[in-house]
Amino acid sequence: MHLPKAELHLHIEGTLEPELAFALAERNGVALPYATTDELRAAYRFDDLQSFLDLYYALMAVLRTEEDFAELVDAYLARAAAQGVRHAEIFFDPQAHTARGVPIGTVIEGLGRALERSEETHGVSTQLIMCFLRDLSAESALGTLDAAKPYLHRISAIGLDSAEVGHPPAKFREVYEAATALGLRKVAHAGEEGPPEYIREALDVLGVERVDHGLRCLEDPELVERLVADRVPLTLCPLSNVRLRTVDTLADHPLPAMLAAGLHCTVNSDDPAYFGGYAGDNFDAVRDALALDPEQLRTLARNSFEAAFLDHDEERRARYLSEVEAYAFD
Ligand code: ADE
Ligand code: ZN
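Residues numbered from 1 in each chain as written. Chains lettered and ligands numbered in written order. Predicted model: local features only at pLDDT ≥ 70, side-chain atom pairs only at ≥ 80, totals over all residues.

1. Structural notes on the UniProt feature "binding site: substrate" (unreviewed entry) in the protein chain
Next, step 1: Mapped onto the present numbering, the UniProt feature "binding site: substrate" (unreviewed entry) falls on Asp271.
Next, step 2: Considering the arrangement of structural elements, one finds aspartate 271 in the loop between strand E8 (264–267) and helix H14 (272–275).
Next, step 3: When neighbours within four sequence positions are excluded, aspartate 271 is seen to be in contact with His11, Gly14, Tyr56 and Ser240. (UniProt positions renumbered as here; feature names shortened; annotations may be inferred. Helix = DSSP H or I, 4+ residues; strand = E, 2+ residues; numbered from the N terminus. Contact = placed C-beta atoms within 7 Å.)

And the structure:
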C-alpha cells in the first residue's frame, strides 16, 4: 500500500466516486437514473469492457465546469497520495466531454488547475495524457488534437482507449504521426480485449512507448520475446481485469508468469471508482491473491518509475527509485 509507486494507467473520469457524482449532479442540475449512491454502486457489475463503458460515459454527464474537473483531480490525488503514489500520468477523454457540449478548454484548464498545484498539495508529480476514443473516427481524433493545440503545454502524451475490438490501432496512424510532430509522447491501450496483433500494430504503426494492458501478448510467444528484448512497459490493471472479466479471478491473473518471463510489468488502477480500488489497493490485492514477495513488489514499483515519462527530470526519477530501494516492508 505505502510502497512508493508511479501510477501510469488511470482514467481520471474513472475516479468519479458515487458520492462526488451525486454532489456534482445536484450542483449542476443533472438528473441521475439512480436514487442513492448505494443504488449506483449496485450497478457496478460488468460483463465486459463495453458494459462498463456504457455506465462510465453516462455518469460523466455530471462533469460540466472547470471546477468539477478540478475537484475530480483533487479527490483522486488525495486518495492516490494516501496509497503511496508519488507520480501519476493521468488519462482523460476529451471527446467524451466535447460530445456533450463541454468545451475542451474547460476540461483541460479544470484538470490543469488542480494538477499544477498537485506537488504542493499532495506531494504527487503529475502529467496529463490525452486519449482518443477508438470507436470514434480518426477524423474526430484529428479534430480533437487540433482543438487541443492552445493547451499543449499541459499535455505530455496521447493515448487510445474505449471499445477495442474492431478498432485496430492502425486506424489512428495519421493522428499519431501528427502528435509526434507536435512533440507528444505516445501510448495506447492494446491487448486488453483485442488480439496480440493489435499490440504489434500499436508498436509498429503508432510507435507507442508503453502498451496499456497488453495482457493478451501472452498468446503470442514471439511478441512476448520482443516486448522483453525491447523492455516495452506494460501498464497492467489487475482489479480491472477481474471486473471486466478478462481474467476469472485475481488468483488466475498471469502477472507472476509475466514477471518471470521478464516483461516490464507495472500495476495500475485503470478506473478505481468502478473496479474496487486505487493503486495501493491493486498492489495489496495482487500480493494477497498471487503471493507476491516483497522483492516482486519492489520490482513492480521500480518498473513504474522506470517506465514513467520523466526523461526531462532524471534527478526526480532517481530520487523516486531510491525511495523504492529504501522502502522497508513490515
Ligand atoms: N476507458 C476507461 N477505461 C478503459 C479501459 N479499461 N479500456 C478501454 N477504455 C477505457
Ligand atoms: Zn484503461
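2. Re the nonpolar core
Next, step 1: By size, the foremost hydrophobic cluster in this structure holds 92 residues, and its most contacted members are Ile12, Val73, Phe92, Leu111, Ile129 and Ala202.
Next, step 2: With residues near it in sequence (within four places) discarded, leucine 111 still touches Ile12, Phe69, Val73, Phe92 and Leu128. (Core = buried A, V, L, I, M, F, W, Y, C linked by C-beta atoms within 7 Å. Buried ≥ 20, exposed ≤ 12 C-beta atoms within 10 Å, placed from the backbone.)

3. Comments concerning helix H1 (residues 18–28)
Next, step 1: Those residues of H1 lying buried are Pro18, Ala21 and Leu24. Take H1 and look down its axis: the buried residues cluster within an arc of 125 degrees, on one side only.
Next, step 2: Contacts from the buried residues of H1 go to helix H2 (37–42), helix H3 (49–59) and helix H4 (66–82).
Next, step 3: In the stretch just after H1, glycine 29 is the one whose phi turns positive, near 65 degrees. (Arc of directions from axis to C-beta.)

4. Some words on the site of ligand 1
Next, step 1: As a structural note, the neighbourhood of ligand 1 is formed by His11, Gly14, Leu49, Tyr56, Asp161, Ser162, His189, Glu192, Ser240, Asp270 and Asp271.
Next, step 2: In terms of residue class, the shell around ligand 1 is built from two nonpolar, five polar and four charged. (Near = placed C-beta within 6 Å. Nonpolar A, V, L, I, M, F, W, Y, C, P; charged D, E, K, R; others polar.)

5. Considering the sheet that holds strand E7 (residues 233–236)
Next, step 1: Strand order in the open sheet made by the eight strands is E1-E2-E3-E4-E5-E6-E7-E8, with parallel pairing throughout. Each edge of the open sheet carries a strand with a single partner, namely strand E1 (5–11) and E8. Pairwise comparison of adjacent strand axes, ignoring direction, gives a mean angle of 25 degrees for this sheet.
Next, step 2: Sheet strands touched by helix H10 (residues 196–204): strand E5 (185–190) and strand E6 (210–213). Its angle to E5, the strand with the most contacts, is close to 170 degrees. (Pairing = 2+ DSSP bridges. Axes fitted to C-alpha atoms, helices over the stretch in contact; angles between N-to-C directions.)

6. Quick look at unusual backbone geometry
Next, step 1: We note that histidine 213 has phi near 75 degrees; this positive angle belongs to a residue other than glycine.
Next, step 2: Position of histidine 213 among the secondary structure elements: in strand E6.
Next, step 3: Unusually for a residue other than glycine, arginine 245 sits at a positive phi of about 65 degrees.
Next, step 4: Locating arginine 245 in the fold gives a position in the loop between helix H12 (238–243) and helix H13 (255–260).

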